[in-house]
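# Fold and contact review
Below are the chains, spelled out letter by letter.
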Amino acid sequence: MSSADPKREERLKKLRDLHLKRNEARKLNHQEVVDEDKRSKVTKTMESKRKRIEWELDETERKKAVEEAGEDFEQLKRLETTAEDAEKAERRKMKKNNPDPGFSDYDQATYRQYQRLTDQMRPNADEYQHQKQMLGDAFYPTADTMLHGSHKPTKEAVDRMVNDLDVQSSRRKAYSRRRTYNPDVDIDFINERNMRFNKKIERYYGKYTAEIKQNLERGTAV
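Residues numbered from 1 in each chain as written. Predicted model: local features only at pLDDT ≥ 70, side-chain atom pairs only at ≥ 80, totals over all residues. Heavy atoms only, no water.

For the protein chain, the count of helices and strands is eight helices and zero strands. Along the protein chain, helices and strands appear, N-terminal first, in the series α-α-α-α-α-α-α-α. Across the 222 residues in the protein chain, those meeting the buried criterion constitute 6%. Relative to all contacts within the protein chain whose residues are 6 or more apart in sequence, the contacts with residues 24 or more apart total 44%. (Helix = DSSP H or I, 4+ residues; strand = E, 2+ residues; numbered from the N terminus. Buried < 20%, exposed > 50% of the residue type's maximum accessible area, 1.4 Å probe, protein only. Contact = heavy atoms within 4.5 Å.)

It is worth spelling out the side chain of D164 at this point. Note that D164 resides in helix α7 (residues 155-175). When its relative accessible area of 15% is taken as the criterion, D164 is described as buried. If we skip the residues at most four places from it in the chain, D164 touches R116, L117 and Q120.

This part takes up the pattern of salt bridges. Counting across every chain of the model gives nine salt bridges. Here E10 ties to K14 by a salt bridge, and the two come within 3.9 Å at their closest N and O atoms. Highlighted residues: E10 and K14, both in helix α1 (residues 4-41), separated by four residues, approximately one helical turn. Across the pair E84 and K88 runs a salt bridge, and its minimum N-O distance is 3.8 Å. Of the two residues, E84 and K88 are both situated in helix α4 (residues 83-97); the distance of four residues between them amounts to about one turn of the helix. Exposure remark for E84: the relative accessible area of 52% places this residue in the exposed category. By relative accessible area, K88 is classed as partly exposed at 35%. (Salt bridge = Lys/Arg side-chain N within 4 Å of Asp/Glu carboxyl O.)

This brings us to the packing of aromatic side chains. Under the criterion given, the structure shown has one aromatic pair. Seen in terms of ring centroids, Y204 and Y205 are 6.4 Å apart; in terms of plane orientation they differ by 45°. Their pairing is tilted. (Phe/Tyr/Trp six-rings, centres within 6.5 Å; stacked < 30°, edge-to-face > 60°.)

Within the secondary structure, Q131 sits in helix α6 (residues 125-135). The exposure class assigned to Q131 is buried, which follows from its relative accessible area of 11%.

Here the protein chain shows a mean pLDDT of 78. Residues at 70 or above account for 85%. Within the protein chain, the lowest mean pLDDT, 77, falls on α4, and the highest, 85, falls on helix α8 (residues 192-218). (pLDDT = per-residue confidence, 0-100.)

Together, E67, E68, E71, D72 and E74 give the surface a local cluster of negative charge. Here E68 lies in helix α2 (residues 44-68). (Patch = residues over 30% accessible without salt bridge, like charges linked within 9 Å, V, L, I, M, F, W, Y side chains within 5 Å. Areas by Shrake-Rupley, 256 points an atom, 1.4 Å probe, with all protein chains shown as cover. Lys, Arg positive; Asp, Glu negative; His and termini not counted. Charge placed at Lys NZ, Arg CZ, Asp CG, Glu CD.)

Examined against the element boundaries, N194 turns out to sit in helix α8. Those residues in contact with N194 that lie beyond four places of it in its chain are D188 and F189. There is a polar contact of 3.2 Å between the side chain of N194 and the backbone nitrogen of I190. (Polar contact = N/O pair within 3.5 Å; in protein donor to acceptor, adjacent residues only side chain to side chain.)

Moving on: the environment of T118. Summarising the element assignment, T118 is placed in helix α5 (residues 106-120). Polar contacts involving the side chain of T118 include one to the main-chain carbonyl oxygen of Y114, which spans 2.9 Å. Here Q115 takes part through its backbone oxygen, which lies 3.0 Å from a polar atom of the side chain of T118.

Below, the structure written as C-alpha cells:
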C-alpha cells in the first residue's frame, strides 16, 4: 500500500492541475467572447470618429512643427494638394452646401418643397395663445368640429406668403437662365466643363502660377 500511495497522490495532483488549467482556459475563453462582443458592437460611426480624432491630433502636431520651423502651414498644405484632390474637396463642399440631390421624381420634389417651407416656419407663442382664445373649444377639433371660415390669417402671415411666392418665382427664373457670355474673358478652355475645371485650378494655384502665365503670354518664359 505504501508504494501505491505516492502514485495515487501523483495522479490526484495531475488531475487537480488539469482542473485548474481547464478553469483557466474557460475564463480566458469567456473573456475573449466578451471582448469580441464588445468589438462587434462598435459601430462604423464610432470608428470614423476615432480616425477623425487621430487625424486632427496628427494635423495639430504637424501644424505646430511647421510653425516652429517658421513656415506657413496653410500654404504648405495647398502646395501638397493635387488638382484631383482639390476638385474632390470642391465637390464635397458644394454637396454639403447644397444637399439637394436634384430631381428624381415628383413625389420627392414635393417632399423637399414641403421640408423647405416647414423649416422656414418659426413658432409664435403670442399668435398661438391668440388663436387658442379666439377658437375656444374648436382649437382642439373633433370629428364634429366645423372650422371652415373661422380662421383669418394675419397681415404678417399674408405678407410672408407673398414674399415666399416671389422668392420661388425668382428662383424658377434663375434656374433656367443661361449664363451670359463675356467676350473680354481670355479663352483658355475648350468647353464649359473644362472652363469650370480651369476656374477651380485658378482658385487654388492662381497666385503661384500668375508670373509663369504672364511670361508665357509675353513669350519671355525661360
